[in-house]
2 protein chains.
Amino acid sequence: MKIGIVGGTGDIGEGMALRLSSKYDVIVGSREEIKALATCETCRETLQVRGLKCSLAGVTNQHAVDEADIVVLAIPFKHVAPTLKTLTGFEGKIVVTPVNPIERTAYFYYAPPPEGSAAMMIKGMLPSSATVCAAFNNIAANKWQMLDEELDYSVAVCCDDEGAKQTVMELVDSVSSLRAYDAGPLAAAAIVESVTPLLLNIARFNRMRDVGVKFV
Amino acid sequence: MKIGIVGGTGDIGEGMALRLSSKYDVIVGSREEIKALATCETCRETLQVRGLKCSLAGVTNQHAVDEADIVVLAIPFKHVAPTLKTLTGFEGKIVVTPVNPIERTAYFYYAPPPEGSAAMMIKGMLPSSATVCAAFNNIAANKWQMLDEELDYSVAVCCDDEGAKQTVMELVDSVSSLRAYDAGPLAAAAIVESVTPLLLNIARFNRMRDVGVKFV
């Protein structure tokens, strides 16, 4: 299975490339191909030190979409709409959104677009044959890159297509100690995305780092 | 410390009375005093079987407010505004809201009032000298009553007064294995309340029961 990461050179994107490329073919996308190639080189070195083989390719965001079965949008919310407007070829793909629209004053809060959630906005911007799936929303960016740390968290997955949802839940379950939970249709993604500002507040007000969530 | 439970004869209210009355003076309120007295009698019997002493009084909701230092609003969201309109005497009290505005179609979703959250609506209905504190929002009603089960969950607490927040966090920490976390000001309560429909969806779509949450 080929996993394309749009924004694969950011914190979450690079961490995902590290965690996924020893199990899947990972295609790291970036606005500039040279940056994607550099990220792949860094990842390869990190994994080689640990004796792990990997499958990584560095390309443009457009090529990452073109070549992937599953496209992960590893980009901040504010860049999602501008980036999607420059890309085509999502027809028939599974598109995973870990994106959370968050704003901050004295505390973090959920600031969804008029569509109700980042997930629903993304669905509205893509062709109808693309299947959008919210997943990985509540995992701290730092944790992705700390390969020596178990990711022992619950991951809520929202999607309107049962087959695509199953595929993404299996992908989630294959990463470290993550455990996927079916959290309903894509319209229910708002309450998944909004857990992230809560976790940021918990970290901030209790002097903790990289707080995650488990359903128990 | 005297804890008054408005709506103390409902599922959550009775469960709270069971869990709190062996450590605090609990005043169970109800629209009808006779129901409150019956709930107290049931609780006393349950606790006596376990060899636990308790301090319980059954009164009207108004008397529960009048006599308590901390008032818990253990009522469904739809009853909150009508109930608060019938009650007075909240001046100087700490008012704890575990209330979650939730609606349901094929899935559960967060349906806050125009104020942004149940907590902010409640604040707007009470005198300014009352201190509203969101807590206990994400604990399944059933679990309160199952005395043989540990409540091993995280509890996010939102409040604008640091002293009142500390008092409520200590109350949380005294119940079973609950652990309180400072989740910021009351305006941040929306993202705490909205975890509850997520947990209900997780339970529903994964055939689980009484799902709770831990911050890890």
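For the structure given in this document, a descriptive report is provided here. Since the structure is predicted, the reported quantities are computational estimates derived from the model, not experimental observations.

When helices and strands are tallied, chain A shows nine helices and eleven strands. The C-alpha atoms of chain A give 16 Å as radius of gyration, which agrees with the globular expectation for 216 residues (17 Å, within 12%). Burial analysis of chain A (216 residues in total) assigns 57% to the buried set. For chain A, the share of sequence-separated contacts (at least 6 apart) that also reach a separation of at least 24 residues comes to 71%. Roughly 8,900 Å² of accessible area belongs to chain A as shown, and the carbon and sulfur atoms make up 49% of that amount. Taken as two groups, the 20 positive and 25 negative side-chain charges of chain A have centres that lie 6 Å from each other.

The next thing to look at is the side chain of Lys-143 of chain B. Mapped onto the elements, Lys-143 of chain B comes out in helix H6 (residues 141-145). Under the relative-accessibility criterion, Lys-143 of chain B is labelled buried at 12%.

Residues and elements named next belong to chain B. Neither face of strand S4 (residues 70-73) is open: one carries Ile-70 and Val-72, the other Val-71 and Leu-73, and all of them are buried. Where strand S1 (residues 2-6) and S4 come together, four bridges link them in parallel fashion. Paired with Ile-3 across the two strands is Ile-70, which belongs to S4. In the sheet, S4 pairs with strand S5 (residues 94-97) via three bridges, with the strands oriented parallel. Paired with Ile-70 across the bridge in S5 is Ile-94. At this point the chain moves from S4, through helix H4 (residues 77-85), to the parallel S5, and the crossover so formed is right-handed.

So, how was this worked out
Each chain has its residues counted from 1, following the order in which its sequence is written. Both sets of labels track the order of writing: A upward for chains, 1 upward for ligands. For this predicted model, a pLDDT threshold of at least 70 governs which residues receive local features, and a threshold of 80 or more governs which side-chain atom pairs are given and counted, while totals over whole chains, interfaces and linings are taken from all residues. Side-chain measures here rest on the full set of heavy atoms in the structure, leaving out hydrogens and waters. Elements are defined by DSSP. Helices are runs of H or I of four residues or more, strands are runs of E of two residues or more, and each kind is numbered from the N terminus. Our radius of gyration is a C-alpha quantity, and the globule rule it is checked against amounts to 2.2 Å times the number of residues to the power 0.38. Exposure classes here rest on a 1.4 Å probe applied to the protein chains alone. A residue is buried below 20% of its type maximum, exposed above 50%, and partly exposed in between. Two residues form a contact once any of their heavy atoms are found within 4.5 Å. Values of accessible area rely on a 1.4 Å probe in the Shrake-Rupley scheme; residue burial ignores everything except the protein chains shown. Neither His nor the chain termini are counted; the positive set is Lys and Arg, and the negative set is Asp and Glu. We put the charge of a Lys on NZ, of an Arg on CZ, of an Asp on CG and of a Glu on CD. Pairing between two strands is assigned when DSSP locates at least 2 bridges connecting them. Handedness rule for crossovers: strands pointing away from the viewer, path from the first strand over the helix to the second running clockwise, crossover right-handed.

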